[in-house]
Amino acid sequence: MKVKSKIFYWYVTFVLLYFGLMLIPAPDAVALKHYHLSPTGLRALDFTLMVPIAIIWFTLFYAYAKLYRYSKLIKSNKDGKAVVKLSQGLLAFAIGLPLSSILSTTLQLIARHYTNLVAITTIISNYLGVLYPLIAFIFISIGARGLSEISKSRPSLRVFNILVVAIIAIGVIFCDLIAHAHHSLHHTYHLSYGLVMLTLGIPYMYMWFLGLFAATEIYIYSRKVAGIVYRQSWNLLAIGLGSFILISIVLEYLSTLSTWLNGLSLPGVLLLLYVLLLLLASAFIVIALGTKELMKIEEA
């Protein structure tokens, strides 16, 4: 069976599982009461969120399929191994994002019926949210480093210092938000402040640094390779990865503001969700366009 077919079957399976978990169980009574909705109204709103999520998943699987095929075409080239690592990183995203969503939704359904399991299901969901992108960016960082070694164009000391200072600033703000939300940590994370910082805060900051540094290395590589179209392809990949990291940072900032989010009206919640989904879709579409252009170059 071709890789393309396998990827398609994985994608369809994930979408069907997710849609089933969202639409088949009875609507959440708490959400119905909080937002003054009917079961049909809540299902309609769920559907408007599920469709863009499915599109986001598709762009990830599409990007992986294109980059994987490209890596096979250039496997004998000097940059072949580096591109393989990049494709493995995209595969971790393509599988990790829907799998994490499906497992988290399943855990939420369990917690809805067994309230004594709310803490453990919340903890597992939070760790799933950091695990798959961390694995993905470890692979991507290895691939990006391979490309920078090939082109002999590592980021300058000034760029490195800027990234370090940026991550420190982002980390300090993240820690400050967690500290200010200390009174609601139990509801949000069901962990102590120390465990939140040690097992979630540090991994997230490490992942953000890996991602931004990898995107920078790929961008620098794109400026050194020959061919305008080839440079543009790698540039799109770098921009997409960098954008995803920035959006990830915003998402984690918002996760510390659970009290504020719970106070939003339904239109405010929907607007926030639609904007975030649009930004995520845009980042992954840019990545997909970059991988598509790389394939077009080899097939030309």
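Heads up: the structure comes first, above all this text.
To start, this report covers the structure provided alongside it.

Rules and cut-offs
Residues numbered from 1 in each chain as written. Predicted model: local features only at pLDDT ≥ 70, side-chain atom pairs only at ≥ 80, totals over all residues. Heavy atoms only, no water. Salt bridge = Lys/Arg side-chain N within 4 Å of Asp/Glu carboxyl O. Helix = DSSP H or I, 4+ residues; strand = E, 2+ residues; numbered from the N terminus. Buried < 20%, exposed > 50% of the residue type's maximum accessible area, 1.4 Å probe, protein only. Phe/Tyr/Trp six-rings, centres within 6.5 Å; stacked < 30°, edge-to-face > 60°.

Some points on the pattern of salt bridges
By the definition in use, this model includes two salt bridges. The salt bridge involving Arg43 is made with Asp46; its shortest N-O contact spans 3.3 Å. Taken together, the residues Arg43 and Asp46, both in helix H3 (residues 39-73) and three residues apart, mark about one turn of the helix. Note that Arg145 and Glu217 form a salt bridge whose closest N and O atoms lie 3.0 Å from each other. Taken together, the residues Arg145 in helix H5 (residues 118-151) and Glu217 in helix H8 (residues 193-224) connect sequence positions 72 residues apart. Among the residues examined, Arg145 registers a relative accessible area of 28% and is labelled partly exposed. A residue is classified by how much of its surface remains accessible, and Glu217, at 2% relative accessible area, is buried.

Observations concerning unusual backbone geometry
The phi angle at Lys152 is positive, at roughly 55 degrees, despite the residue not being glycine. Residue class for Lys152 comes out exposed when judged on its relative accessible area of 73%. With phi around 55 degrees, His190 is a residue other than glycine that occupies positive phi space. Overall, the relative accessible area of 17% leaves His190 in the buried class.

Side note on the packing of aromatic side chains
In total, this model carries 23 aromatic pairs according to the counting rule given. Plain terms: the ring middles of Tyr11 and Phe58 are 5.6 Å apart, the flat faces sit at 70 degrees to each other, and that makes the pair edge-to-face. With Tyr11 in helix H1 (residues 3-23) and Phe58 in helix H3, the pair connects residues that are 47 residues apart, well separated along the chain. Look at Tyr11 and you get buried, because its relative accessible area is 15%. For Phe58, a relative accessible area of 42% gives the class partly exposed.

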